[in-house]
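What follows is each chain in one-letter form.
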Amino acid sequence: MSVYDTIIIGGGIMGCSTALHLARAAPRMKIALLERGLCGAQASGVNFGNVRSNGRPVSQMPLSLRSREIWSRITELLGVDCEYERTGALKIAFRDEDLAVLEGHVRDARDGFGLAVEMLGSAGLRQLFPWIASGAVGARHSLDDGVANPRLVAAAFGAATRRHGVDVRENFAVASVSHSGAAFSVVGEGGAALVARSLVNCAGAWGNLVASSFGEAVPMQALGPQMGVTEPLPFFILPSTSTVNSPIYFRQVRRGNIVFGGGPRAEVRPDLVRHYSLPENTARHAALLRSVAPALKSARVIRAWSGIEGYLPDSLPILGPSATTPGLVHGFGFCGSGFQLGPGVGAVLAELVLGGATTTPIAAFDIRRFAPAAAQETRA
Amino acid sequence: MTTIVIVGAGPAGVRAAECLVAAGCRPIILDENDRSGGQIYRRQPPGFVRSAQTLYGTEAAKAEALHRSFDTLAGKVDYRPGTIAWGLHAGVIHTVKAGRVDRIAFDRLILATGATDRIMPVAGWTRPGVFSMGGAQIALKFQGCVPGRRPALVGTGPLLYLLANQYLKAGVTPAGVFDTTPFRRQLRLVGGLAWDPRTLLIGLRYRLELVRWGVPVRCGIDPLAIEGDPAVTGFVYAKSGKRHVIACDGVALGHGLRSETQLAELAGVSFAFDRRTRQWLPQRDEEGRTPLGTVYLAGDGAGIGGADVAEIEGKLAAWALLHDLNAAVDDGERTRALRQLRRAARFRAALDAGFPWPHDIAARLDDGVVVCRCETLTAGELRRVAAEGAPDLGRAKALSRIGMGRCQGRYCGSACAEILSAALGCDIADVGRLRPQAPTKPLHVDDVEASL
């Protein structure tokens, strides 16, 4: 049996970032990170790659801003160029009634949190981004949102974690977790047993399995956002782009490919760790791409993919201490918008493990919000 | 009414269709080409008037018979030429034809998707003037084109000798035939003589013809580089420790064939690693049934067997399908076909042993050699990600982009697997395979919008 100070379940960005922050804050700490497959192989490594603070619920903004600061030094932190770039982001309105929504976002983000974001009218939009379809009436243009390459970021987090002395165990599927007295015990499907004083649940779309082992299941659903990519085209689209009322988002990577996603999900089988992109989604993506950026009509789609992601009914993650088990902290269920939050989530979870408290407000993500009413009253 | 779809109209697809029509079915046939025949019996475009003998040589009678069979099916099948099957999920196949996407819900599916060239890269193989071996042969068969006035034929396999002979007949003298398989190894082919003497004799005749025309044939060579400025000017190889340069103005490069398995994979057929050919192949029973129950496999797309085997497998798959639908099947014919198939399998084993995929070259490729041409990635890049901890092709893809381009690794996948396993010092089966995703062939955005 191996003894650790902390065991982290899940080698996605959340788990790796937690391990990395813990290892940097407490170099003597003995940390194990358990990953069923390879680090970053699931949603962390296959998502769209938006590094975006704008458009998030106000409750997520402090966490997002904390993450944003870490993103600004991500190359230094990970020791690898992960193609992080502040490209700006556009959210386009094609209907006048959608402008008010965007203007609200701009006020919240600019006046409330000091983000560099502006509204563009149809003329300004046409001047700055002439590739947008006619009919666009305006857009929210956030100047310091950006993008990064998830497949590089996720793998780099895994590698950095290992470099910092964390015992990273890949291909380690957890068979059972339990808590007795003062220690957590984790047993792998291969029979290996680990114990530790604290446990971090970063198991992503499978996080609910861990949580339910401690009597706090949440109504999480596993879904597969579907994405695709075209062959490379000359570079002409800088900002990561989406629209208010049509289910398509896209961006162009520097080497020229258009990466896109949105709308109906792929089929997922979390029990098999498999996901199946649906051709009809790809067809819909292609049609919508052209409706927003007509020049893309000559592009050819070369691939589609998906990943398995956990969604909660209120579209907010589970982040914070367990309500049932001292020493257990959760960070999972990021509802398709966790990529940007990842570095900050790791910093927060590390604080929770080390001192039981964090400087970042996370009350909105408390797991107790899904507890039965009776249990909530008892705690109150 | 049961909807039966056949993908492919080569020898396997045509024979399957014929058997289904004979049983009263009206299958939908999806064909990427504009006319039936597949690659081996590809028909020439309108306006070309070469004879079957000119086009198909020793196989002319078979080609004509297959074409005739298909032509008599006109009106009895729903034939959709120029149609790409680009996606497959949950019993629905997604197609694109002439600027329009469509989908077909099927009850039964026969995949007769054929094969493409299997290529071991060599320095300079992306130069203008280098064609894949099968591609070069198709260019000749289809429109009478050759990759140069003095092309070198490089690689291994029977196609090397067949194509050299076809070039001679077309009035082009190849600069030489350069086979990575040593001659003594090719002698193992003789072991297959008992199973298909006709084919073996044809092979011998091809060799003699090359000698008669003074075309150099070098076996057991190690390809070093295709030189050019930038178009091809020469081929460099080593033999018995000596370096040789041969002047040429085109290269046909190929090391056998690989099965086109993307649709089988998307359908959910399970795969197993075939040690003999070092390829991942879809699982099926002798008659082409897959464990899925609704999907059947036939021809080279399920494992390389050649045109004759494809015809037999096409029939067997159709009969298996009919049997599974409780239709009557002539057991005598079925038994005879199975016997032919077993006989052919022995010849195929000898052929595979006589012209092996030269996997050992992968470990020797210089770091600078481009492997994945869609993404311009080198052998060195693959070795770098192996050193960084990529334990399989999936992670190597994430770290390096191999297989992320237009072809999704259909052309480079075999070589990438060999390079990675050599770099890691692990078994080839342990590096896994690049998994295909829809669209299996590039899908034009314009084709989609027009039809929504």
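Located above this text is the structure these notes cover.
Residues numbered from 1 in each chain as written. Chains lettered and ligands numbered in written order. Predicted model: local features only at pLDDT ≥ 70, side-chain atom pairs only at ≥ 80, totals over all residues. Heavy atoms only, no water.

Peer 1: Quick one: what's the story with unusual backbone geometry, residue by residue and with numbers?
Peer 2: Residue and element names in this part refer to chain B. A cis amide bond links D229 to the next residue, P230, at an omega of 0°. Structurally, P230 can be placed in the loop between strand 13 (222-228) and strand 14 (232-239). A cis amide bond links A438 with the next residue in sequence, P439, at an omega value of 0°. Along the polypeptide, P439 turns up in the loop between helix 14 (413-424) and strand 23 (443-444). Unusually for a residue other than glycine, S240 sits at a positive phi of about 50°. Looking at where S240 falls in the secondary structure, it is placed in the loop between strand 14 and strand 15 (242-247). (Helix = DSSP H or I, 4+ residues; strand = E, 2+ residues; numbered from the N terminus.)

Peer 1: Go over the packing of aromatic side chains with me, naming the residues and quoting the values.
Peer 2: Tallied over the entire structure, the rule returns 13 aromatic pairs over all chains. Centroid distance B:F178 to B:F235: 5.2 Å. Interplanar angle 55°. Geometry classified as tilted. On the criterion of sequence distance, the pair formed by B:F178 in strand 11 (residues 176-179) and B:F235 in strand 14 is long-range, its members being 57 residues apart. Judged by relative accessible area, which is 0%, B:F235 ranks as buried. An aromatic cluster is present here, built from A:W71, A:Y84 and A:F339 joined pairwise through their rings. Its guanidinium or amino end placed over the ring of A:W206, A:R36 lies 4.8 Å from that ring's centre, counting from NZ or CZ. Lying over the aromatic face of A:F48, A:R251 brings its terminal NZ or CZ to 5.5 Å of the ring centre. (Phe/Tyr/Trp six-rings, centres within 6.5 Å; stacked < 30°, edge-to-face > 60°. Buried < 20%, exposed > 50% of the residue type's maximum accessible area, 1.4 Å probe, protein only. Lys NZ or Arg CZ within 6 Å of the ring centre and 35° of its normal.)

Peer 1: Could you give me a rundown of the environment of B:G368, with the residues and numbers involved?
Peer 2: Note that B:G368 resides in the loop between helix 11 (361-364) and strand 21 (370-372). Between the C-alpha atoms of B:G368 and B:T378, which are ten residues apart in sequence, the distance is 5.6 Å.

Peer 1: Could you give me a rundown of the sheet that holds strand 10 (residues 151-156) of chain B, with the residues and numbers involved?
Peer 2: Residues and elements named next belong to chain B. Strand order in the open sheet formed by five strands is 9-16-10-11-12, with parallel pairing between adjacent strands. The open sheet is flanked by strand 9 (130-132) and strand 12 (217-219), the only strands paired with a single partner. Averaged over all pairs of adjacent strands, the angle between their axes in this sheet comes to 15°, without regard to strand direction. As paired strands, strand 10 and strand 16 (residues 250-255) are joined by six bridges and run parallel to one another. Paired with T156 across the two strands is H255, which belongs to strand 16. (Pairing = 2+ DSSP bridges. Axes fitted to C-alpha atoms, helices over the stretch in contact; angles between N-to-C directions.)

Peer 1: With reference to specific residues and values, describe the pattern of salt bridges.
Peer 2: Any two side chains of opposite charge can pair, so long as their charged atoms come close to each other. Inspection of every chain in the model, using the stated rule, returns 47 salt bridges over all chains. A salt bridge links A:E231 to A:R300; the shortest N-O distance between them is 3.3 Å. Here the residue A:E231 occupies a position in the loop between strand 13 (226-230) and strand 14 (240-243), and A:R300 occupies one in strand 19 (residues 300-306), the gap between them amounting to 69 residues. Judged by its relative accessible area of 32%, A:R300 is partly exposed. Taking the shortest distance from any N to any O, the salt bridge between B:D352 and B:R276 comes out at 2.9 Å. (Salt bridge = Lys/Arg side-chain N within 4 Å of Asp/Glu carboxyl O.)

Peer 1: Describe the packing of helix 1 (residues 11-22) of chain B against helix 9 (residues 307-324) of chain B, with residues and values.
Peer 2: All names here are of chain B. Where helix 1 meets helix 9, the closest approach of the two axes is 7 Å, and the angle between their N-to-C directions is 35°. When the axes of helix 1 and helix 9 are compared, the crossing they make is right-handed. When helix 1 is examined against helix 9, the residues P11, A12, R15, A16, C19 and L20 are found in contact with a partner set consisting of A307, A310, E311, G314, K315, A318, W319, L321 and L322. Broken down by class, the residue content of the contact of helix 1 with helix 9 amounts to eleven nonpolar, one polar and three charged. (Left-handed = near helix turned anticlockwise from the far one by under 90°. Contact = heavy atoms within 4.5 Å. Nonpolar A, V, L, I, M, F, W, Y, C, P; charged D, E, K, R; others polar.)

Peer 1: Describe a nonpolar patch on the surface, with residues and values.
Peer 2: On the surface, B:F183, B:L187 and B:V190 cluster together into a nonpolar patch covering about 290 Å² of accessible area. Checked against the element boundaries, B:V190 lands in the loop between helix 6 (183-186) and helix 7 (197-212). (Patch = residues over 30% accessible without salt bridge, like charges linked within 9 Å, V, L, I, M, F, W, Y side chains within 5 Å. Areas by Shrake-Rupley, 256 points an atom, 1.4 Å probe, with all protein chains shown as cover.)

Peer 1: Talk me through the interface of chain A and chain B; I want residue IDs and the actual numbers.
Peer 2: Interface size is often expressed as the accessible area that is lost when the parts come together. Chain A puts 34 residues into the contact, and the matching count from chain B is 33 residues. When the two sides are added together, the surface that chain A and chain B hide from each other amounts to roughly 2900 Å², 58% of it contributed by carbon and sulfur. Where chain A packs against chain B, one counts three salt bridges. Taken together, the connections running from chain A to chain B amount to 14 residue pairs in polar contact (both at pLDDT 80 or more). Those elements that place two or more of their residues in the side of chain A that touches chain B are helix 7 (150-163), strand 18 (274-276), helix 9 (279-292) and strand 19 of chain A. Per element, the largest residue contribution to the side of chain A that touches chain B is eight residues, and it comes from helix 9 of chain A. Where strand 19 of chain A meets strand 23 of chain B, two bridges bridge the pair, whose relative direction is antiparallel. (Buried area = accessible area lost by both parts, 1.4 Å probe. Polar contact = N/O pair within 3.5 Å; in protein donor to acceptor, adjacent residues only side chain to side chain.)

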